[in-house]
Amino acid sequence: MLETVDTAKLAEKLNKELVKLGRENPLSVLVQVNTSGEASKNGVTKEEVPEIVSFIRTTCPLLRFKGLMAMGALNDTEGFQIMAGLRDSLVTEELTASDFVLSMGTSGDYEQAIQSGATEVRLGSTIFGARNYPQR
């Protein structure tokens, strides 16, 4: 699964590369959503989600839309609720609510994310400790 599809251009490129590789089974993908609007985070806006999901479903036969991944601010409970609402609007007969992947939350707010419906959380700091990023 690839959890960071955030443009139609990327989805189309992935699909073309999978065709070149002769892949027969679709690659599961999540659409990355920037729920906080922070410039330092990638992802589509909540308003762009239906369009990119439709593009993947109709134009990329070797990609299988499986859900959403949130990039938001720490403790962004409003963002978690937005993601839950987006999930509800994207459920289909082919992708039921119980099969929908909702990846959101980190070591600092995973409990709130789970309460809001997250099926996956990112716990890097909890497992590996705090990261030190080099100054640029």
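These numbers were taken from a predicted model, which means no experiment stands behind them. (Residues numbered from 1 in each chain as written. Predicted model: local features only at pLDDT ≥ 70, side-chain atom pairs only at ≥ 80, totals over all residues. Heavy atoms only, no water.)

Chemist: Just checking my understanding: could you explain the sheet that holds strand β1 (residues 2-5) for this structure?
Modeler: The strands that make up a sheet pair up through hydrogen bonds in the backbone, lying either parallel or antiparallel. Spatial strand order, β1-β2-β3-β4-β5: five strands in an open sheet with parallel pairing. Looking at which strands have only one partner, the edges of the open sheet turn out to be β1 and β5 (120-122). Ignoring strand direction, the axes of neighbouring strands in this sheet form an average angle of 30°. One ladder, built from three bridges, connects strand β3 (residues 63-71) with strand β4 (residues 101-106); its direction is parallel. Within the sheet, the bridge partner assigned to G67 lies in β4 and is V101. (Pairing = 2+ DSSP bridges. Helix = DSSP H or I, 4+ residues; strand = E, 2+ residues; numbered from the N terminus. Axes fitted to C-alpha atoms, helices over the stretch in contact; angles between N-to-C directions.)

Chemist: Quick question: what am I supposed to make of the side chain of S103 here?
Modeler: On the secondary structure map, S103 appears in strand β4. Taking relative accessible area as the criterion, S103 reaches 1% and is therefore assigned buried. Within the local environment of S103, its side chain forms a polar contact with the side chain of R122, the two groups lying 3.1 Å apart. Not counting residues within four places of it along the chain, the set of residues in contact with S103 comprises E3, L30, L68, M69, A70, E120 and R122. (Buried < 20%, exposed > 50% of the residue type's maximum accessible area, 1.4 Å probe, protein only. Polar contact = N/O pair within 3.5 Å; in protein donor to acceptor, adjacent residues only side chain to side chain. Contact = heavy atoms within 4.5 Å.)

Read these as spatial facts, not as claims about activity.
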